[in-house]
Amino acid sequence: MRADALERRNTLIKAARAVFADRGHDAPLDAIAAQAGVGIATLYRNFPSRDELAHAVARTTLAEVRALAVRGLDECRDDPEGAWRRFVDAVVELRMGALVPALVNSLDELPADVRESRELTKSTVTDFIRGLQDVGLVREDVVPLEIIMGIAMLTRPHVLMFDDTTANLVPRLITVFLAGLRPTGLRCRRRSTRNPLYPDEHAARGPLPQPWDHPHPDDGRRPPLNGWDVAVSAAALVLAVAVASISAVAGLFWLLFLDYCPPETCSAENAWISVCVALAVAALVTAVGGVVTIARISRRTLAWPVACGTVVLCAGACAIGFAGYVSATGI
């Protein structure tokens, strides 16, 4: 193939990649030809069908990703962090999340040579990410394919209003995603507080949050106890226990004097039932409320509403028991 013909073919592939990513697999072919600056006849001479064009885009894209991974492996020896960031930025530029669904509906539809290229690319990218895991830049509990799929999902087309209202959304999400891929407790080098992805917004938005600014949910660190919450919860639980204990003593004391209650106006059986049920409910409420309050304190969640609710329910149960006793004895 002549050099000019090869250049024209490559231009068509690049144009098709851009149009497919923007408009999907059903994008009009004349739009691709216009993007490439050629006529529709030229496009059909190079690619007689839409599928052939899509497969050519897939071959080129896989080869580029594979070349990026090979370059990353070479650069990883001297600057692994820079090699990782450059690889991710280049993959993001390819807009894999928008491109892959536009090229094929199923991987089984790809020709054998494209599937073979896909497996080779996956193997090369896996070697690169394994190398990053070995030097401590990527968590070891993450499968390399999950990383590529994560980048693809973040680069899928989003609602247009998000692009209008949230500038540089994808670079921000990618930065957060990469921070979450770092191993537990790892601190990356501070190079600069300026955000290289969107320097124009540095003054308004400030530097990117660093991975160590917030504890990772799996790193074993928990926020400190809320002293005010613990104090109020403890006081409420003590009060609940005191209410239940005083009610138990008072109830038993009242039951001792049932013999002096006039039989015609007094029901000893109902008095016993009222007092015993009320004390059992108060004890159960206090026990359950105490367990739930302690559990919430240990999880660093607000516990004082549960503790205060325990006091109210305990006092309410005792009050109902007292009312039942008064009703049964006619006092």
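Residues numbered from 1 in each chain as written. Predicted model: local features only at pLDDT ≥ 70, side-chain atom pairs only at ≥ 80, totals over all residues. Heavy atoms only, no water.

**Focus: the packing of helix α4 (residues 50–75) against helix α7 (residues 112–134)**
Between two packed helices, both the angle of their axes relative to each other and the distance between the axes serve to describe the pair. Running from amino to carboxyl end, α4 crosses α7 at an angle of 20°, the nearest separation of the two axes being 9 Å. Taken together, α4 and α7 sit at an angle that is classed as roughly parallel. By crossing handedness, the relation of α4 to α7 is classed as left-handed. Residues His55, Ala58, Arg59, Leu62, Val65, Arg66, Ala69, Val70, Gly72 and Leu73 of α4 lie in contact with α7, whose contacting residues are Asp113, Val114, Ser117, Arg118, Leu120, Thr121, Thr124, Val125, Asp127 and Phe128. Here the residues of the contact of α4 with α7 are counted per class, giving ten nonpolar, five polar and five charged. (Axes fitted to C-alpha atoms, helices over the stretch in contact; angles between N-to-C directions. Helix = DSSP H or I, 4+ residues; strand = E, 2+ residues; numbered from the N terminus. Parallel < 35°, antiparallel > 145°, perpendicular 65-115°, else oblique. Left-handed = near helix turned anticlockwise from the far one by under 90°. Contact = heavy atoms within 4.5 Å. Nonpolar A, V, L, I, M, F, W, Y, C, P; charged D, E, K, R; others polar.)

**Focus: the pattern of salt bridges**
Where charged atoms from two side chains of opposite charge approach closely, those side chains can pair. Applying the stated rule across the entire model yields eleven salt bridges. For arginine 118, the salt bridge is made with glutamate 119, and the minimal N-O distance between the two is 2.8 Å. Looking at glutamate 119, the relative accessible area reads 38%, which means it is partly exposed. In this structure, lysine 122 and glutamate 119 form a salt bridge, with 3.5 Å as the shortest nitrogen-oxygen distance. Linking lysine 122 with glutamate 119, this pair stays in helix α7, spanning three residues, or about one helical turn. Given a relative accessible area of 34%, lysine 122 falls into the partly exposed group. (Salt bridge = Lys/Arg side-chain N within 4 Å of Asp/Glu carboxyl O. Buried < 20%, exposed > 50% of the residue type's maximum accessible area, 1.4 Å probe, protein only.)

**Details of helix α14 (residues 304–329)**
For α14, built from 26 residues, the straight-helix expectation of 38 Å at 1.5 Å per residue is met to within 8% by its first-to-last C-alpha distance of 38 Å. Among the residues of α14, Ala307, Thr310, Val311, Cys314, Ala317, Cys318, Gly321, Gly324, Tyr325, Ala328 and Thr329 are the ones counted as buried. Its buried side turned inward, α14 meets α12 (227–256) and α13 (268–298). Directly beyond the C-terminal end of α14, a positive phi value near 70° is found at glycine 330. (Expected span 1.5 Å × (residues − 1).)

**Some remarks on the side chain of threonine 293**
By secondary structure assignment, the location of threonine 293 is in helix α13. On the basis of relative accessible area, threonine 293 is assigned to the buried category, the value being 0%. In contact with threonine 293, other than residues within four places in its own chain, are Ser233, Leu237, Ala303, Val306 and Ala307.

**Let's talk about the packing of aromatic side chains**
By the definition in use, this model includes four aromatic pairs. Each ring, one from tryptophan 228 and one from tryptophan 304, has its centre 5.9 Å from the other, and the planes form 80°; the classification is edge-to-face. Note that tryptophan 228 is positioned in helix α12 and tryptophan 304 in helix α14, a separation of 76 residues in sequence. Judged by relative accessible area, tryptophan 304 falls into the partly exposed class, the value being 29%. (Phe/Tyr/Trp six-rings, centres within 6.5 Å; stacked < 30°, edge-to-face > 60°.)

**Details of the environment of leucine 145**
Looking at the element boundaries, leucine 145 is found in helix α8 (residues 144–154). Taking the relative accessible area as the measure of exposure, leucine 145 reaches 44% and is therefore partly exposed. With 19 residues separating them in the primary sequence, leucine 145 and threonine 126 have C-alpha atoms 7.5 Å apart.

**Things to note about a nonpolar patch on the surface**
A cluster of nonpolar side chains, Val143, Leu145 and Met149, forms an exposed patch at the surface whose accessible area comes to about 260 Å². Within the secondary structure, valine 143 is located in the loop between α7 and α8. (Patch = residues over 30% accessible without salt bridge, like charges linked within 9 Å, V, L, I, M, F, W, Y side chains within 5 Å. Areas by Shrake-Rupley, 256 points an atom, 1.4 Å probe, with all protein chains shown as cover.)

**What about the packing of helix α5 (residues 80–93) against α7?**
Interaxial distance between α5 and α7 falls to 11 Å at its minimum, and their mutual angle equals 140°. For the element pair α5 / α7, the angle class is oblique. Crossing of α5 against α7: the hand is left-handed. On the side of α5, the interface is formed by Pro80, Ala83, Trp84 and Phe87, while α7 contributes Val125, Phe128, Ile129 and Leu132. When the residues that make up the contact of α5 with α7 are grouped by side-chain class, the tally is eight nonpolar, no polar and no charged.

**Some details on the nonpolar core**
Core analysis: the largest hydrophobic core is formed by 25 residues, its most contacted members being Trp84, Phe87, Val88 and Ile147. Of all elements in the fold, only α4, α5, α7, α8 and α10 (169–181) reach the threshold of two or more residues within this core. For this core, the leading source of residues is α5, giving six residues. Not counting chain neighbours up to four residues away, the residues in contact with valine 88 comprise Ile151, Ile174 and Leu178. Formed by 18 residues, the second largest nonpolar core is a distinct cluster that contains Val19, Ala27, Ala56 and Val57. (Core = buried A, V, L, I, M, F, W, Y, C linked by side-chain atoms within 4.5 Å.)

**So, the confidence of the model for the chain**
For the chain, mean pLDDT is 77; residues scoring 70 or higher make up 77% of the total. Every residue in residues 185–221 is under pLDDT 50, and counting partners more than four places away or in other chains gives 45 contacts. (pLDDT = per-residue confidence, 0-100.)

**Regarding the side chain of glutamine 133**
Checked against the element boundaries, glutamine 133 lands in helix α7. A polar atom in the side chain of glutamine 133 sits 2.9 Å from the backbone oxygen of arginine 139. At 2.9 Å, the side chain of glutamine 133 and the backbone oxygen of valine 142 are in polar contact. Every residue in contact with glutamine 133, bar those within four places of it in the chain, is listed here: Val138, Arg139, Glu140 and Val142. (Polar contact = N/O pair within 3.5 Å; in protein donor to acceptor, adjacent residues only side chain to side chain.)

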